[in-house]
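Remarks on the overall topology
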Amino acid sequence: MTSTPGSGGPTAAPTPRPSDRPGAPPTRLRRRFSRAERLVHRATGALMLLCVATAACLYVPQLAELVGRRYLVVTVHQWSGLLLPAPFLVGLASPAFRADLRRLNRFAPHDKEWLRAVRRRDFRPESRPAGKFNAGQKLYGGWIAGAVLVMLATGLMMWFTWLTPLVWRTSATFVHDWLSLAVGLVLVGHIGMAFADPEARRGMRTGSVERPWAEREHPLWKEEE
């Protein structure tokens with residue numbers, strides 16, 4: 001059977017996506033995080049949870065007896081803490097990651113309004129204006145970054161004991177222990193809030209969120225872009 005001029009096989013041209021077809025309604029999904037950002041988040045979260053879990057095994061007697069092998073637990077704790085900044089540093093190669101860092105580091109007037117609404121316990125979406133990241137996420141990002149740096153510095157003092165005088169090591173141990181407890185509590189709160197918002201979890205899991213959710217929870221996101 002001969003083909004007519006200009007005809008092709010059934011796979012000669014790719015089928016356009018539904019949202020690309022003329023007259024098709026816009027997709028309900030909006031891209032929130034790139035693949036690089038999601039990988040940085042997962043790697044950092046895994047290392048952070050490993051640090052917290054091994055710290056608990058070192059300081060809670062019941063867990064220490066259950067796990068045993070204290071030297072191995074100490075080694076895992078030290079190296080997971082030392083590697084904690086690595087995903088962040090690797091992620092700097094991603095333009096999307098750097099763009100979101102700039103958003104997290106920029107406090108706008110609407111962020112103050114968001115915080116005032118939280119203080120008043122006003123849960124209406126219209127009273128909590130936010131860009132791609134709300135004020136709470138910005139504060140959390142800044143706090144956890146500072147805590148990681150302090151934990152890293154104090155941990156190195158405790159690891160390489162010959163580098164600093166005794167009074168420095170004693171102070172470092174005090175700060176490291178109490179800050180680790182604070183980090184653990186903050187992480188529990190962060191995970192709890194993530195479980196309370198399935199769409200936010202979906203954004204970090206798949207990279208996309210529903211447009212109605214984005215317009216309701218982050219109405220100023222479009223203006224930022």
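Here's what I pulled together on the structure shown here. (Residues numbered from 1 in each chain as written. Predicted model: local features only at pLDDT ≥ 70, side-chain atom pairs only at ≥ 80, totals over all residues. Heavy atoms only, no water.)

Examining the environment of Leu 187
Rules: Helix and strand definitions follow DSSP, with helices as H or I runs of at least four residues and strands as E runs of at least two, each counted in order from the N terminus. It only takes one pair of heavy atoms within 4.5 Å for two residues to be counted as in contact.
The topology assignment puts Leu 187 in helix α8 (residues 166-196). Linking Leu 187 and Met 48, residues 139 residues apart in sequence, is a C-alpha distance of 8.9 Å. Among residues more than four places away in sequence, those in contact with Leu 187 are Met 48, Val 52 and Tyr 140.

Quick word on the packing of aromatic side chains
The criterion, for reference: Only Phe, Tyr and Trp rings are paired, with Trp represented by its six-membered ring, and only when their centres lie within 6.5 Å; those with planes under 30 degrees apart are stacked, over 60 edge-to-face, the remainder tilted. Burial classes follow relative accessibility: with a 1.4 Å probe on protein chains only, a residue under 20% of its type's maximum area counts as buried, one over 50% as exposed, and anything between as partly exposed. To sit over a ring, a charge needs its Lys NZ or Arg CZ within 6 Å of the ring centre and within 35 degrees of the ring normal.
This model, assessed by the stated rule, comprises six aromatic pairs. Ring centres 5.7 Å apart and planes at 75° place the aromatic pair Phe 88 and Phe 97 in the edge-to-face group. With relative accessibility at 36%, the residue Phe 88 sits in the partly exposed group. The exposure class of Phe 97 is buried, given its relative accessible area of 10%. One aromatic cluster in this structure is built from Trp 79, Trp 159, Phe 160 and Trp 162. One Lys or Arg, Arg 30, reaches over the ring of Trp 221 and ends 3.9 Å from the middle of that ring. Between Lys 138 and the ring centre of Phe 107, over which it is positioned, the NZ or CZ distance is 5.8 Å.

Some points on the layout of surface pockets
Quick note on the threshold: With a 1 Å grid laid over protein atoms only, a set of points is called a cavity when a 1.4 Å probe fits there but cannot get out and a pocket when it is open yet has protein on both sides within 12 Å along at least five of seven lines; lining residues have an atom within 4 Å of a point. Grid points are joined across faces, edges and corners, and a volume is the space filled by probe spheres set on the points. Charged means Asp, Glu, Lys or Arg here, nonpolar means Ala, Val, Leu, Ile, Met, Phe, Trp, Tyr, Cys or Pro, and polar covers whatever is left, Gly included.
Approximately 750 Å³ is the volume attributed to the second largest pocket. Taken together, 31 residues make up the lining of the second largest pocket; nearest its centre are Ala 55, His 77, Met 151, His 176 and Ser 180. Residues that form the lining of the second largest pocket fall into these classes: 22 nonpolar, seven polar and two charged.

Focus on the pattern of salt bridges
As a reminder, the rule being used: The working definition used for a salt bridge is a side-chain nitrogen of Lys or Arg within 4 Å of a carboxyl oxygen of Asp or Glu.
Applying the stated criterion across every chain, the model contains nine salt bridges. In this structure, Arg 28 engages Glu 210 in a salt bridge whose closest nitrogen and oxygen atoms are separated by 3.2 Å. Separated by 182 residues along the polypeptide, Arg 28 in the segment before β1 (29-31) and Glu 210 in strand β2 (residues 208-210) bring together distant segments of the chain. By relative accessible area, which is 52% here, Arg 28 ends up exposed. Of the charged contacts, one joins Arg 120 and Asp 122 as a salt bridge, the two residues approaching to 3.7 Å between their closest N and O atoms. For Asp 122, a relative accessible area of 12% gives the class buried. It is possible to trace a salt-bridge network through shared partners that takes in Arg 28, Glu 199, Arg 202 and Glu 210.

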